[in-house]
Structures are given as structure tokens and as C-alpha cells.
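Residue-level listing of the chains:
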Amino acid sequence: MQSSLSLSVSPNTSLGIHRSNCNAFQSLPLKPINLRFCGLRREVLGFSALKQSDSHRVCLPTRARSKKVVSASLSDNGTPKSFDYDLLIIGAGVGGHGAALHAVEKGLKTAIVEGDVVGGTCVNRGCVPSKALLAVSGRMRELQSEHHLKALGLQVAAAGYDRQGVADHANNLASKIRNNLTNSMKALGVDILTGFGTILGPQKVKVGSSDKVVTAKNIIIATGSVPFVPKGIEVDGKTVITSDHALKLESVPDWIAIVGSGYIGLEFSDVYTALGSEVTFIEALDQLMPGFDPEIGKLAQRVLINPRKIDYHTGVFATKITPAKDGKPVTIELIDAKTKEPKDTLEVDAALIATGRAPFTQGLGLENIKVATQRGFVPVDERMRVIDSNGNLVPHLYCIGDANGKMMLAHAASAQGISVVEQVTGRDHVLNHLSIPAACFTHPEISMVGLTEPQAREKAEKEGFEVSIAKTSFKANTKALAENEGEGLAKLIYRPDNGEILGVHIFGLHAADLIHEASNAIALGTRIQDIKLAVHAHPTLSEVLDELFKSAKVSDHASSSVSDPVAV
Amino acid sequence: MASPFLSKTTTTISFSSSVSNTLPWRFSHPSSASFPSKPRRRISTVQAKIREIFMPALSSTMTEGKIVSWVKSEGDALTKGDSVVVVESDKADMDVETFYDGILAAIVVGEGETAPVGAPIGLLAETEEEIAEAKAKAAKSSSSSTIPSATAVSPSPPPPVSNPAPAIAQPPPPPAKAVSEGPRKIVATPFAKKLAKQHKVDIGSVVGTGPFGRITPADVESAAGITSSKKTVAVEPAPAKAVAPPKSAPPAAAPLPGSTIVPFTTMQAAISKNMVESLSVPTFRVGYPLTTDALDSLYEKVKPKGVTMTAILAKAAAMALAQHPVVNATCKDGKSFTYNSNINIAVAVAINGGLITPVLQDADKLDLYLLSKKWKELVEKARSKQLQPHEYNSGTFTLSNLGMFGVDRFDAILPPGQGAIMAVGASKPTVIADADGFFSVKSKMLVNVTADHRIIYGADLAAFLQTFAKIIENPESLTL
């Protein structure tokens, strides 16, 4: 065992270990639902379901299938009426899929309506194919980094790539995951209804252009989003493109402008620069990477932007983008974001519009139930129940995922869907969005959960508590140094008075995988004084978080017992 | 066919005066030579606010820190909260921010150097007027090695050379329209801008050759005189940094009083680039004395018919090469011989501030009169900037003749993409003792061939030179 594993000198060390061991087995309150599981299983399954990500979780226990449909009797709605389904989900993306699987597990007769392809944005035009491209770009980066390879004693002749081969890899991955998703639902007995779903009235949905009308006790809207293209920008799919086109990788331009420096823009800048393009970012706000913790953003800029073939214009809007034609390059007109004065005109080979995503809710028939969208988003309460134009809840109608705009992440949609299924099967459930991690798969990766430092400080001021910050560097981690990837930082934002974790931000090797220790701790309400006693294998990257928790200074009188599991 | 030249396709070459002129030194970019260090106003008061930037203590165990990089350069305006420098402590790299507004007047501890905690690493001036004073202070307060700005000395411009050694290079094609369109917005790619900043190249003086006339990284590199890093994709800036301009891009240092910095023209940058590239080829040299009496008398005979000495030498070399194809070969990949089907003799020609190599194609097949005619055409075209790319980049063997200047022997640099180059000295009367002990006076000329030893060995060159000498000494065959 190495010295880096030694426990910090905490007065209650031995006591703490003892107590937390006990707690692990004793403090498992068995709530009325899920009685058929033993206590430990309940805990594991109940919470892990919240964390399920994208598409990886494709096979769930299928024992629920054998159960008879009993859900109608669980309902609080007095009028006995027979429905085609207990639950109808409009949209077979990751959110709808997660909800469907959980619904089957809960014994609901479930159908899912899809007008396009199963898998939605994430699987077909988002997270999944982009991970394939990023896997390639990561390797290219390694193979091209001569001094990095040299430091490891490796010699590699000039690395090259075949564009079509890369594009095929992304496409094959998407179709493989799509098939997995489809098969998993079919195997569980979820009916997949093909066609666009339109809500005709309460509990009634028309599928496709045919007159097929389906009734369901509860309906979940999970129609997702499409790339948002600001007006003035002409997308031709060749030289002015959105992420939908970029993921097909039909060309690798010499010079591409990326409008927007959020997750999508940042990931594509990683892909394009690794494949040899030069990149110009156009960001409306004054800082690149808005939305990230400022300290992480600054470090990320130093590693991901400054040394690469990237420049940027901040505080400007792209008011007009004209695709390349008649032998002219793509032109981008920029105005100052504040003064609206024309500022510059760029001439580039291609432009990628990564200005965010717009909800896909048109044609859903929301007017039939008197729901007015807000900027396209379906208004919902914290339980994902749809709110109509008078501010009243629409019974039996829920909306999850990008369509409600609460947190536009695939795994958030899935968690929301599971939360809805919990509710319609009789267990009240409110999803804690602050426990949902997010990741940006650049090289190295960025990940985060909870509040950023400015958000935490604002909250602290309002509620009158103190905030402390702890930081550890990947430079001090054995495994990271073995990989010769010491660049990175983990940052913990916490309350020193009671040890509550408010936020964790990581920039470094495999950050996206490392964040879950923190997000699980937030979801389960684990305090720092408890988690710091947990043991991490040595040498692993997870010790970055181990050290982070250990370096936090929690006041001595903070209780170190695990609090009652919080409903999340 | 491998070519030592940068050119892709062009129809124009940007030189002006005639080939045989002595070359006037041109100060083409006097403005870019100015340096911001000139004092704007005489400062007599000492009340100026100059603040020192200290090496911060980034952790409790840190005693000294290494400067990873300066985020800002000297002369940059700083606002409170800006990151100025990145410091590596024992644990992490941290951005160090300024607490004051001002101008980064001087960097005292350069990148990669180390300083103890609390030591000044840079100076912050409040106004422009104080920069000079801050610089003086920086020079005084630190040892010489740590003030790059005060001690590094740039070489004064080289004296005008009328006929540089046969450094064979071609200018990249200047975009034909760039001038005629008048003032135009500068479009440079992100990496080109970064390189320009890194190598302190004035982006406004770089001629863009990319699509739509934009300035590409390669343009900046050639302007800075750097061998371009591998073409595929080099994301890491490290290689470029390592190949810091050795001599061609003067470091950003105060020039010696009275010296002037003149940036390369595109042609000169191309020459510089080719010369650096030539260092990767293992060459060796073999010299050979020739008796030229017979040649001289032949020359006297054919001169009235318009035959030039250049044509005679080219023809002789071509005939010798026909018997020794390996000397006409090229090594392209370090693994094989590439035998050229044609014998194309490139001849180095000094041109206004530069050098170009018009090519006599199929010199072994044409007779002396046709070759001479052809040569006159090439020279005329070079003068009027009409040379086509194949007329200056298709050579398989190069001739360089400095004999007419009285040079008796010299050493040529092998142009990339060719197997050998011949340096011809002056022919002069020499006392000779023959095998029987009889003295006589004969005209002797020294030639010196530089060759790529990966494919051409000593015996190959010796045999080639023997053949060449036989042809020169019995020149009748030349006129056949």
C-alpha cells in the first residue's frame, strides 16, 4: 500500500469506519413498494435506475413480464375505463426507452410511438456517433503527439486516417445501438407503434396519418429536440451544417467555424482539430465555454483551445451565414453582441452551427388539450406533469427529456421517465436534478455534477451558510502520471459545517467516468466525512476523488452518520 | 519527379531586373523592422508606477516555481484579473493573475526558467511612457541570462552577395491577383495566426497562398524561414517550437544600434527553407581537375554561332550522365533508387536578391546549337518572369558555375530531390609536370561534385568525373 492511501488524520477515523459498516446493512428502510426485493437489492436497483445512462443499459431483469397487468387498479382515478395501454410514450429516444423499460418492470402494459428511428437524437445523431468520432480523434491525438509518445518510449510512423472509415465506424455504432434498443424493447413486450403521435384529447393519441387512435391511462411526451439554427443562417448540409450533418463526417474542411462553444461545439472542435482542420469559435457570450465552472473553463481553455489550431471571437453574434457557392467561401457576418454594430466578416471553408437544441414539439396536438408551449418547450412541474395554459396540471400527461427543457441530457430524460413511472405506479417521486452528472468528451474529458462555484456562493449567501472549495490535481496521481496525462484538476464545492457536497467538477483523463462517485454521493446524500473513509484501489484515477474528499475540511461536530436515504 | 521547389503551379515569378545584374540590396519592409522599444518621450521623473510581478507561492511546500508559459507578451495591456503567466509548482500548473491594470513592460524570467518564490518574474508598467524605464530596470535588476530582451543580439543584415553559393530554391507562387486587387482584408487561418505570433512574424507582410488568398500556416512558416512540420496533421505545437528559427527569424530582441532587419522575400524564404531541408541528406564531395585547352579552342570556334559556355558544360555533363545513370538518379524515400528517364540539367542563375534554376530538358539529346538557343529563351523568360514551373523544377542534375568570377573552387549544396550537383570553378593557366618530367603550361579547371551518398558512392562519382573529363578534354564529340 502506498503512502498516498493513508487516511487523513481525522479524530473519528476508527469510529467512522465501524459505524459506516454497520449502516450499510442496518439502515435500509423498506418502503411498501418493491417488497419482492430484498432490502439491499431495492436500494441498489432503485437508485441505479436513476443513473442509467444513454443506451448502455439495454437488458433489464425481465421477470416483470410474467406479471399480469394490474396497474389500472392502482390508479386513483375512480372511473373504471378500459384503455389500450397503461402507458403510452411518444418518442423512442433514450428517455422514452428508459421509461418503457422501467414501466414493463413495474408491470405496466406499455407502448412506444416513434415517427422516425428508434433511439432518437442520442443514438442516431448525438452522443453515440459523436463518441465514435471522439474515440478516433483521441487516438489520432495520441499518435500525433510526438513528444508524448517519446516520453513513453514509443515510436510511431506518421499517423493517418481514412475519412470514410471513420464515418463508417460512427454509423455502424449508431445502428448497432439502435438495434440493441429496439430488441430490448421487443423482448420485454413493449409495442412499438410506427408513425408520428398526435394527442387528440385526454388519454387519446393518434398514431401516424392513418386513423389509428390509441388510448392509454397515462401518456408521456418524449419527443426530444432538433438542432437549433438561429435566423439568418442558411444551412445547406454541405458547407454550413449542424451536428446532424457533421456526425456523418462527409468532409473534413481545412478551416471550419463553430458557432457556439458549449458541449457540442467543444466536442466537435476536438474531432476536427485531431483530423487536421483549423477551427474558429464564435461565441455570443464574453467567455468561451459558458456554463462550465469558471476555473475549469479556464483550465480547459488552456489545454483544449490555446495549444490547438483554434482561434475564437467572443461577444459576437453570427447574424448571417452564407454557404459556399459560385467559387466563394462560406461567409459569416459578425456583430457585437452588445452594441449590435457590425464587427467582422469571416471567410471559412465550412461552418458548424452548435448553438444548442430546440424542442421538437410541433404537430403534437398540444392545442387539443390547451397546452401552450414556451419557446417550444412543454411546461411541466417538478414531477414532469404537464401544465396547461391556465396553470393547471393536465391529468395523466407527462413530458420528459429535451421537450421540457429542464436538463437537456439523454440520461436526464431517462431518469425523468423512470421518475414518472414511479409516480404512476403509486410512489411519489421527485428527481433531484442536482445529482445528474454531465460530461463533455473532449481529450481530456470534462465532467461535472451539482452547482458551479458562483452558483454555490449565490445560494450560500441567500441561505446563510458557508462554502468551501477543495482541489486536487491529476499531477499528483500515480495512474495519471503513468499514462503521462498529468494535466487535470478536480474541484469540490462543499459545506464545511455539515459536509454536504454541493458540486464536483473534473477536468482530466477519464473525467466522465470519475464523476459518478460524486454524483452517487449527492444522489444518496452521502456526506464528505463518510465518503472520505471509503477505500479506493491503488493506483487508480479514482484516487483523484479520494484525495479530493480527504482534503476537504469538514467541521468536527458535523454528524458523520449516514442520514436517512433522501428521496431523490 | 522530385523537385526541390515549393512551387505548385504558377505563371509568374516575382523578380524584376536582369539576370546578370549585380544585385542591389533592397529594403523591402523597412516598416516591419521597427521595434516598440524606442522611447516615446524622455522620462526624467521617477515617480512612475512600475510594479513587479512576483513568483507566487502556489502551495505551502513550494519554494520555487518554473514558468511554463507567458500568457501575455511584452507590450500587452493587462486588466485586473487577466491571466498573465502559467507557473508550474510541485503539484500543478496554475494561472497567475494580475491584481492591477497596466502594461506588461518586461519579462524578467523567461519561459522554462525557474525562480524562487517571491522573486520578481516580470514588470508591470502603468502607462506606455513607463515601459522604457521598466525595461531599463529589468536590465539592471537581473542577471544577463534572464533578460532576453536586453541581451539577445540580432545579427546585422548580411552584406549584399552578388552570387550566392548554389542554393537552389524557388519562390512559392505569389498569387497573381494579390497586388492588382489593391488593399485587401487579411485572412489568416487560426493556426497561421498562432504561428505568426509565436515566431513574431508580421502577418500583414505575409503573402497568402491558400484558398481565396488566405494565409496558411505554411505561408507563415516560410516567411519565418522554418521547415514546415509534417503535412498530415500536427496538432501539437511542440515540433514547431523545437525548430525555433535558428537564424532566419531574428529573435525579438533589440537590434544593435544602427543595424536593420529586413525580412525575407518569399523567394528568399523558399531558399532558406530548401537549404534547411538539405541538411537531412548525407552528402559527400569529390573534386576533379580538368584540362580545358581543347575546350577553350572549341569555344572560340563555336562562339560566333551563338553557343554559350553554359550550353557546352550542360551538354558535356548530360553526355557523361547518360553513361552513369546512377548520378542522374534520386533517392526519394531513403529506401530505393529512382532512376530518371530524362536527363534534365538545371543551371543555377543569380537573380535579383535570389536564385533560380532554369532547366535544360533532355540535354543529352539536343545538340549544342539547340541547347544554346533553348538557354537564351530560358534566360529571357526568367527575366520577364515567364518561366513555367516545369522550366525550373524538373532538373535531375544541377550545374553551378562561378568560374566567370575568378572563383577557382567551391562547394555546392545538394538541392533536395536531386542526386548530385556540380560546382565549376575558373579555368586558369597552370604549370604541369607530365609523366616524363616535361613541364608545360595548360589551362586547368577544378570541378567539385556534391552527391547523395545514399545512392551515389565514391567510385560512382569518380567514374562519372573521369567520363566527364574525357568529354571535356576531347570536346569534338560535343559538336556531333
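Model, not experiment: these values are computed from the prediction. (Residues numbered from 1 in each chain as written. Chains lettered and ligands numbered in written order. Predicted model: local features only at pLDDT ≥ 70, side-chain atom pairs only at ≥ 80, totals over all residues. Heavy atoms only, no water.)

## Remarks on the environment of Lys 374 of chain B
All names here are of chain B. Relative to the elements of secondary structure, Lys 374 occurs in helix H9 (residues 368-383). Classification of Lys 374 as partly exposed rests on a relative accessible area of 30%. The sequence separation of Lys 374 and Val 359 amounts to 15 residues, and the corresponding C-alpha distance is 9.5 Å. (Helix = DSSP H or I, 4+ residues; strand = E, 2+ residues; numbered from the N terminus. Buried < 20%, exposed > 50% of the residue type's maximum accessible area, 1.4 Å probe, protein only.)

## A word on the interface of chain B and chain A
On the side of chain A, 36 residues touch chain B, which itself brings 30 residues to the contact. Contact between chain B and chain A buries roughly 2,600 Å² in total, counting both sides, with carbon and sulfur atoms accounting for 52%. Where chain B meets chain A, there are two salt bridges. Put simply, Arg 214 of chain B and Asp 349 of chain A hold a salt bridge, and the shortest N to O gap is 2.9 Å. Summed over the shared surface of chain B and chain A, the result is eight residue pairs in polar contact (both at pLDDT 80 or more). Here the side of chain B that touches chain A takes five residues from helix H3 (residues 190-198) of chain B, the largest share from any one element. Considering only residue class, the side of chain B that touches chain A consists of 15 nonpolar, three polar and twelve charged. (Contact = heavy atoms within 4.5 Å. Buried area = accessible area lost by both parts, 1.4 Å probe. Salt bridge = Lys/Arg side-chain N within 4 Å of Asp/Glu carboxyl O. Polar contact = N/O pair within 3.5 Å; in protein donor to acceptor, adjacent residues only side chain to side chain. Nonpolar A, V, L, I, M, F, W, Y, C, P; charged D, E, K, R; others polar.)

## So, the nonpolar core
Where a protein is soluble and globular, its nonpolar side chains tend to be buried together. The biggest cluster of nonpolar side chains holds 62 residues, and the ones touching the most others in it are Ile 345, Met 422, Phe 464 and Phe 468 of chain B. No other element matches the ten residues that helix H8 (residues 309-323) of chain B contributes to this core. If we ignore the near neighbours within four places in the chain, the residues touching Phe 464 of chain B are Ala 317, Ala 320, Leu 321, His 324, Val 327, Phe 397, Met 422 and Val 449 of chain B. Counting 48 residues, the second-largest nonpolar core is a separate cluster that includes Ala 159, Phe 292, Ile 310 and Leu 409 of chain A. (Core = buried A, V, L, I, M, F, W, Y, C linked by side-chain atoms within 4.5 Å.)

## Quick word on the packing of aromatic side chains
Per the stated rule, a full pass over the model turns up five aromatic pairs over all chains. Here a set of aromatic residues connected by ring pairs shows up, and it is made of Phe 397, Phe 464 and Phe 468 of chain B. The ring of Tyr 85 of chain A has Lys 109 of chain A sitting right over it, with the charged end atom 4.8 Å from the ring centre. The ring of Phe 465 of chain A has Arg 495 of chain A lying over it, and the distance from NZ or CZ to the ring centre is 4.0 Å. (Phe/Tyr/Trp six-rings, centres within 6.5 Å; stacked < 30°, edge-to-face > 60°. Lys NZ or Arg CZ within 6 Å of the ring centre and 35° of its normal.)

## Considering the pattern of salt bridges
Evaluation of the coordinates by the stated rule reveals 30 salt bridges over all chains. For Lys 471 of chain A, the salt bridge goes to Glu 295 of chain A, with nearest N and O atoms at 2.4 Å. Of the two residues, Lys 471 of chain A sits in strand E21 (residues 468-473) while Glu 295 of chain A sits in helix H11 (residues 294-305), which places them 176 residues apart along the sequence. Under the relative-accessibility criterion, Lys 471 of chain A is labelled partly exposed at 39%. Residue Asp 362 of chain B is joined to Lys 365 of chain B by a salt bridge in which the shortest nitrogen-to-oxygen separation is 3.7 Å. On the basis of relative accessibility, which here comes to 24%, the residue Asp 362 of chain B falls in the partly exposed class. Each of the salt bridges in this network shares a partner with another, and the network as a whole consists of Asp 293, Glu 295, Glu 453, Arg 457, Lys 471 and Lys 491 of chain A.

## Quick word on the sheet that holds strand E13 (residues 330-336) of chain A
What holds strands together in a sheet is hydrogen bonding between their backbones, with the strands either parallel or antiparallel. Residue and element names in this part refer to chain A. Strand order in this open sheet of three strands is E12-E13-E14, and the pairing throughout is antiparallel. Two strands bound the open sheet, and with one partner strand each, they are strand E12 (316-322) and strand E14 (342-348). With direction set aside, neighbouring strand axes in the sheet form an average angle of 25°. Relative to E13, E12 runs antiparallel, the two sharing six bridges. (Pairing = 2+ DSSP bridges. Axes fitted to C-alpha atoms, helices over the stretch in contact; angles between N-to-C directions.)

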